[in-house]
Structure formats: structure tokens, C-alpha cells
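Report on the structure
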Number of protein chains: 2
Amino acid sequence: MALVVQKYGGSSVGDADKIKRVADRIARRVRGGDQVVAVVSAMGDTTDDLIELAGKISARPSTREMDVLMHTGEIVSASLMAMALGELGMDAISLTGQQAGIRTDSVYRRARIAGIDTARMERELEAGRIVIVAGFQGVTEELDITTFGRGGSDTTAVALAAALGSSRCEIYTDVAGVYSADPRIVPSARPLRDIGYGEMLEMATTGAVVMHPRAVEVGAIYGVEILVASTFDESAPGTIIHGETTMEQANKVRGIAHQRQVAKITVRAVPDRPGIAAHLFEPLAQANISVDTIVQNASVEGLTDLTFTVAKDDMTSAVEVVRATLPALGATELVTDAEVGTVSVVGTGMASAPGYAAQMFRTLFDKGVNIQLISTSDIRITCVVASAQVDDAVRALHEAFALDQE
Amino acid sequence: MALVVQKYGGSSVGDADKIKRVADRIARRVRGGDQVVAVVSAMGDTTDDLIELAGKISARPSTREMDVLMHTGEIVSASLMAMALGELGMDAISLTGQQAGIRTDSVYRRARIAGIDTARMERELEAGRIVIVAGFQGVTEELDITTFGRGGSDTTAVALAAALGSSRCEIYTDVAGVYSADPRIVPSARPLRDIGYGEMLEMATTGAVVMHPRAVEVGAIYGVEILVASTFDESAPGTIIHGETTMEQANKVRGIAHQRQVAKITVRAVPDRPGIAAHLFEPLAQANISVDTIVQNASVEGLTDLTFTVAKDDMTSAVEVVRATLPALGATELVTDAEVGTVSVVGTGMASAPGYAAQMFRTLFDKGVNIQLISTSDIRITCVVASAQVDDAVRALHEAFALDQE
């Protein structure tokens, strides 16, 4: 008898019929002899509907109250799933994040898990119950409600698996796994059998979003293997995210990731003194704006250009912050471009094999895609390109690296 | 500076605009110098929508899970109300039933409050905050979520007033107060200035439903005066429910109550032995079926008829229970009538003034309304009549007792 922690996303529990189908799937697993803890997201568009409702009342609602509002969606799904299992003759109980023992810090909207007290869950499992946990939420020490941000139910599931001592977590979603590229752009993209935590993080944070990056981080830290698979197509094997990269997979491009909603900000002609990067990026960090690619040109006549990218949604506030630092930097000119995107080639060990970068640049050049910025990590090479060229770039790279073949 | 506990019902917070209007009302009160704790119900049809959703999943959902599901509606309202107050520049915080310290027994769907730990509320009030509490809910010792049944937010409000040491609770709703009769039946019905707890209980449990009977009970036990008034018509004074009946009001009919959804069950020719009533009504109580009027005819040749009424919704289960007891009672015949209703004349001291009963019976006789059963209490005379004649009976009695006059 193994303990399995599963997670079902919003599209998997989008209506009453889908909830019943998921319940049936869980019931079969339990009848097969496993103990199941299932984490559920809010039904379909619930979260968006709640955000819209809040928007009618306040342009800038308190983050604490937004968390109180939003966490109800997952509770609704959890109770309905427990009812659906009851209807199948199974003994199931729903738990809120608090009841599941999930304690967090007090950063509303993007709280981090501080610890999990598994006592209640273990009691319910010992009593032979299926435990359904409302995802994406926890409580602070003061018992105030917090949420983990979009996709946070993935994090709930992986963290529960770690806390309950389970070495595996199953994330069920509406896609068949982690693809070699977005299949909406590249029809020949295929689901990967497996992928390393680090590679998955690069895929997730550079656009091939199927799961919450923090869930992958938690999996990596606690050694929880994560299966990403389809909720309703049980014949598809899915993708396993794990810590080991086999010999054959090292030094190999695993996938092409991309991002469309990116904005580029350039501060021109900054006097090149030590500390200018700190002067620029500390205020951005304080304003909680995440900066992605950063490039500083070589200095010409003591002046340099500093370019970085942010999420398109953050551009307005980023420009405000940067404009305020211009006097301190001794610069005056700010150039923005909201029409850019990124394409990334992801694979372990790419940094030690320079041929990949060369092949990437050659492929983009042949396609007439102009590279605006380049950044690299151990397992990723990213190019910033015009957003209109993102799709072409992804398709060309997927073909160039032969990713449609096993 | 006085502490005021208010409650706003589902129709008062039915959409974003109404929530803003209520927030404005609360903000004015606070600017006027009062501290406010406001209890809110779920928005409009939320509760019905959630029940419908559960119905699609399970015909007999677990009561525990129904409470988990339903309690989310009030939390949504509470967080939105706190946001709306924030938008008006007020410092407000929403609290769930649990956060407000409301502990209950573990009878799901109709839990009773076991105690209220006011520490968190007091801390927030001392910090100058408006406290918005999600109504109709609490938690058990095990931190499982419970609800109080339909209208339970009234009970939350009155119990919070008692726990916080406030001598007054304000219930805002979509009617102008407690009327002398249902104004949809009697256009000349008028809101009462005040009414006693006991009278209000009779009005509420016999059909003139504007508030939860348990809220009135809690008010009576803890001496909390309850104002029932209109949310949006601030010029209407509303009705005060309190403990003292003035000299002039004693021995006076206060209102006409009615019930439409009633079923009558008669067990015929029961051998008249001691204990037959217990044999009949204990199993009904165990099945959680509430019995209203009970009449036992005088025995004829050692046989008697036992007649009682139940809510129409309970008739099928009541008949099942009673049929199972027939052999033990030595009876064989069961007669049911699902087409009955009740009309009641309510007023303190009526039992000691028999003229009221005579006038009631005469009025109904003059209108051609046949009285099927009669039951009385200190402050009420109730007649069971054909449901088709309920409206006529209410109108005739309202006129006969001159209730359209101050």
C-alpha cells in the first residue's frame, strides 16, 4: 500500500461531470490498494471570476482580503470532490489548507510554506479516508489566510508529498506532459518521457508553462519525483520530473521554451562607474518587479547601455522606478520596447558544449530573426527577439535540434 | 463611542454596487464615532447556487462537506465588504467564523454556538479597524467547519453582540421591519415599532419570517435588543425586538402570522393507552422531524384519533416513520393532507383573555374558513386551515383585530 499525493488542476475539475470523472479515477486508485491525498484547484474560471468581482469593488484591493476571497474557490472544489467520492461509496474528507496543517509566512498573494503539520492528514489516512486538500492556500501563525499565487496548488501537492514522506507526486492537467515545445506553435512537439528539475525550471520560467516553478523547486529540495500527466487520457504516460539526468540525456537539447509577454527597457549612456547595476536593480527588487535578462554593453568613452527585460505587465511600474533613479545614475535617456519575446534552448550541460549556442544563432539568422539580447545559464540559452518572430523562432529551433524525434 | 454589531442579509449584499452602498453606510457610522462589527450573509443566490452544484454531484451529500461548501459564500461577501471599506479609506478586516472565535457543537447544517473567543475581534477593534465577520458559520473543537442553517447569520450577529458585551444588535434586511402581517397578503399591514422576544418567536416560527428564531432566542437569553430595519431605506425606523412589553401592549394582538407549507397527518382509531403519544413522537424526533400542532381527540369506545402537523417537506419521511410504528400502536389507518396551512394570532397575555380566541373563531366562521385543528400558547392562537384559505383568513383577522391602525 503506497501513499500517493495527486493534484488536479482547474480544468480537470471544471464542472460537476469532470469532478465525477476525477472522483472515479481516485476511487479506482484507492480500490487498487493505494492511499490517496488529492489536492484540487478552483473550478475552471472561478479564480478569474473572483478577481473580476473584486475589481468591481476596488481598483487596488488589500492583498490580505484578496487571499481571503480567492482561497474559497479551492475549498468549493475540495468539498465537491469529497461529495463525489462519497457518492461512489468511498470514505473521503475535504480539508482546507489550514486543516491540512499548512503554515506559511505572511506575504499575501505569494506566501511561502513555512511548515506542514501532518497530524490531521495522517489521522484521516489511518482511518481509511481519502484526503482532499484545497490547494494554493495556507495560514499564517495568526491564522490569517494566505495564497501561493497562480498555479500554487502544484506547490501544495509537492510540499504535501514531501511532508508525508512520499517520494512521488502526480500532477494531473489538461496536457499530456511537458512538451519539447508548445504544441500550439509546433504541431510535431512531443511529450518528454522525463526531464531534470533544473531543466524543468528553465522550461517553466521561460514559457512552456505546465507547472508552478516553486513546485519544481520543492520537489528538487526534498527529492520528490513529479509526474505530469493528462487527467482524462489515462493511456498517455506523461513526463517524470526528477533529479537524475541519464548519460544519454546530458549534453542534449531537451526543449524549446518561449515567452511572449516581455518588455525591454534600456537605460542609455550611463557613466560606467562601479555600482550602477545595484543602483538600478535594488529599487526594482524593492518594488517587487522581477527582472529577467540583463545585458550591459561594453563601455564606450566611459558610457554604457544597460538593458533588461521584465514581464509586460510590470513595464509601467518598472519605468516609473527606473525614471526615479536616472539622476543618481547620471543618465537621462530611457528606451522601452513592449513588443519583444524570448526563445530558449534548454538542456543540461549546454554551457560546456558551445556548439549549441552557435547552432541556435545560425538557425535564427537563417530564418531572418534578429537577436536583440542573449543570456545564458548552465542549462539554457535565451535570445530576446521581436514578439512577432517568436513563433517562427520556436518552430525553426525545434526542427534544427531534431526535437520531433525520440 | 459605542460598539454596534450589525448584520446585512444576502439581498443587501447581492452585487458589487449593493456592497458598496452598505460599505458607505458602515463608513458613515464609524465616522460618526461608533465602533462597528458587521456580519454579512452570502451574496444573493450564492447559497442556492452552491446547493444546486452539490445536487449535481450527489443526491445525499455528506452534511460535513455541505458545510465546507456553503460557508465559502459568506467569506466571499466578507472579504468584498472589507475591500469596499478599504476603497472608502476605512481600515477594515474580514474574519471567517473561525477567526472571529466562534466555536460550535459538531451538528453539521444546524450547529449551535458553544462559545465565542472575542480576543481577535477585540484586538482588531482596538487597532481602530472595522471588523467584518462571515456569518452563519463556526468551527468545532477539531476545527471542522459548521454552519447554522438558513438565516444563521442573524444568530451570528446577536451572539457576537452578546459576547462583545453590546446591548444592541442591528439586523438590516430588504423589509422595513416586522410587519403586523405579511404585506404581500395584507397591503395595509404596517411595521411594528417594537415586539417582545416571545411574540417575535411566535411570529417567526409561524410564518412571518424576517429573522432566524435562534437569533431571537439568543437575544432573549443575553438581553440583546434587536433592531430589524431596512438596509437601503434609512428613513424607516424599523422594529425593535426586546424583552419588555409595555402596559398598553400587554393583552393586545400584535400580528397575524401564517404558514403555507404544512402537512397534516392523522393516525385513526388508536387504542387509547398511556404512552401512545410517546410511541408515536419519539421515533419522529429521532428522525429529526419537527412536529408542530398536535391534537388528540377525546376517546370514543377506547379508540382515539391522533393528528399532528409537520412541514410539507418532511411529510414523506414522517409518513414512513409513523407507518413503522402502527403495529406497536395497534392502529392501522393513516390519513394525510398536504394541502393545509396555519394562521395565528400573536400577542402577549392572550391566554388570559379568552375573548381573543372567540373573536378569531367567529371571524374565520364568518369568512367561511373551516378550522381543522386548534392549538394555543400563552401568546398565540393557531388554527390549521385549508391552504387555499390561508390568505383570506390572514386578511380577515388583520381587519378584525384592527391591526392596520397604530
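Okay, so let's go over this structure. Since this is a predicted model, take the numbers as computed values, not measurements.

With that settled, consider the overall build of chain A. Along the backbone of chain A there are 11 helices and 18 strands. A compact globule built from 406 residues would reach a C-alpha radius of gyration of about 22 Å, and chain A, at 23 Å, matches this within 12%. Across its three principal directions, the C-alpha atoms of chain A cover 75 × 50 × 35 Å. Of all 406 residues assigned to chain A, the portion counted as buried reaches 50%. Within chain A, contacts between residues separated by at least 24 positions form 75% of all contacts whose residues are at least 6 apart in sequence.

The next thing to look at is helix H5 (residues 152–163) of chain A. Residue and element names in this part refer to chain A. The terminal C-alpha atoms of H5, which comprises 12 residues, lie 16 Å apart, in line with the 16 Å expected from a rise of 1.5 Å per residue. Counted residue by residue, H5 has 12 buried out of 12 residues, so it is predominantly covered. Buried residues of H5: Gly152, Ser153, Asp154, Thr155, Thr156, Ala157, Val158, Ala159, Leu160, Ala161, Ala162 and Ala163, and no others. Glycine 165 occupies a position one or two residues after H5 and carries a positive phi of about 75°.

Residue and element names in this part refer to chain A. Between H5 and helix H7 (residues 213–222), the least distance of the axes is 8 Å, while the angle of their chain directions is 15°. One element, H5, and the other, H7, form an angle in the roughly parallel class. In this structure, the crossing between H5 and H7 has a hand that is left-handed. Listed contacts from H7 to Asp154, Thr155, Ala157, Val158, Ala159 and Ala162 of H5 are Arg214, Ala215, Val218, Gly219 and Tyr222.

The subject of this paragraph is the relation of the copies chain A and chain B. Two copies of a chain can be linked by a rotation about an axis combined with a shift along that same axis. After a rotation of 180° and a shift along the axis of 0.0 Å, chain A superposes on chain B with an RMSD of 0.1 Å. The two molecules are tied by a two-fold rotation axis, judged by turn and shift. Within chain A, threonine 72 of chain A has its C-alpha nearest the rotation axis, a separation of 2.8 Å. Residue by residue, 100% of the interface of chain A is reproduced at the interface of chain B, so both copies engage with the same surface.

Residue and element names in this part refer to chain B. With antiparallel pairing, the six strands of this open sheet are ordered in space as E14-E15-E13-E16-E18-E17. The sheet is open, and its two borders are formed by strand E14 (291–296) and strand E17 (373–377), each paired with just one other strand. Mean inter-strand twist for the sheet, computed between neighbouring axes without regard to direction, equals 30°. As paired strands, E14 and strand E15 (residues 303–311) are joined by four bridges and run antiparallel to one another.

With that out of the way, let us pick up the sheet that holds strand E2 (residues 35–40) of chain B. Either a parallel or an antiparallel arrangement is found when strands of a sheet pair, and the pairing is made through backbone hydrogen bonds. Residue and element names in this part refer to chain B. If you trace the eight strands from one edge of the open sheet to the other, you get E3-E6-E2-E1-E9-E11-E12-E10, paired in mixed fashion. In this open sheet, the two strands that pair with only one neighbour each are strand E3 (92–95) and strand E10 (194–196). Strand-to-strand twist across the sheet, computed as the mean angle between neighbouring axes with direction ignored, equals 20°. Sheet topology note: the E2/strand E6 (residues 130–134) ladder contains four bridges and is parallel. For alanine 38, the partnering residue across the bridge sits in E6 and is isoleucine 132.

Next up on the list: the interface of chain A and chain B. Counting residues at the interface gives 26 residues for chain A, matched by 26 residues for chain B. Put simply, the parts of the chain that give the side of chain A that touches chain B at least two residues each are helix H1 (16–31), helix H2 (46–57) and helix H3 (63–87) of chain A. Split by residue class, the side of chain A that touches chain B holds 15 nonpolar, seven polar and four charged.

The axes of two packed helices give the description: the angle between them and the distance between them. Residue and element names in this part refer to chain A. Where helix H8 (residues 276–286) meets helix H9 (residues 315–329), the closest approach of the two axes is 9 Å, and the angle between their N-to-C directions is 150°. Once H8 is placed against H9, the crossing between them reads as right-handed. On H9, the residues touching Ile276, His279, Leu280, Pro283 and Leu284 of H8 are Ala318, Val321, Val322, Thr325, Ala328 and Leu329. When its residues are assigned to classes, the contact of H8 with H9 shows nine nonpolar, two polar and no charged.

Now for the pairing of E2 of chain B. Residues and elements named next belong to chain B. Across the six residues of E2, six count as buried, placing the element largely inside the fold. Residue alternation in E2 divides its side chains into two sets, Gln35, Val37 and Val39 and Val36, Ala38 and Val40, and both sets are buried. For strand E1 (residues 3–8) and E2, the ladder comprises six bridges, and the chain directions are parallel. Directly across from valine 5, in E2, lies its bridge partner valine 37.

Here we come to unusual backbone geometry. At arginine 109 of chain A, a position not held by glycine, the phi torsion is positive, near 75°. By the secondary structure assignment, arginine 109 of chain A is in the loop between strand E4 (102–104) and strand E5 (113–116). At phenylalanine 136 of chain B, a position not held by glycine, the phi torsion is positive, near 75°. Within the element layout of this structure, phenylalanine 136 of chain B appears in the loop between E6 and strand E7 (137–139). For phenylalanine 136 of chain B, a count of 31 C-beta atoms within 10 Å puts it in the buried group.

Thresholds applied
Residues numbered from 1 in each chain as written. Chains lettered and ligands numbered in written order. Predicted model: local features only at pLDDT ≥ 70, side-chain atom pairs only at ≥ 80, totals over all residues. Helix = DSSP H or I, 4+ residues; strand = E, 2+ residues; numbered from the N terminus. Rg over C-alpha atoms; globule rule 2.2 N^0.38 Å. Buried ≥ 20, exposed ≤ 12 C-beta atoms within 10 Å, placed from the backbone. Contact = placed C-beta atoms within 7 Å. Expected span 1.5 Å × (residues − 1). Axes fitted to C-alpha atoms, helices over the stretch in contact; angles between N-to-C directions. Parallel < 35°, antiparallel > 145°, perpendicular 65-115°, else oblique. Left-handed = near helix turned anticlockwise from the far one by under 90°. Least-squares fit on C-alpha atoms with pLDDT ≥ 70 in both. Pairing = 2+ DSSP bridges. Nonpolar A, V, L, I, M, F, W, Y, C, P; charged D, E, K, R; others polar.

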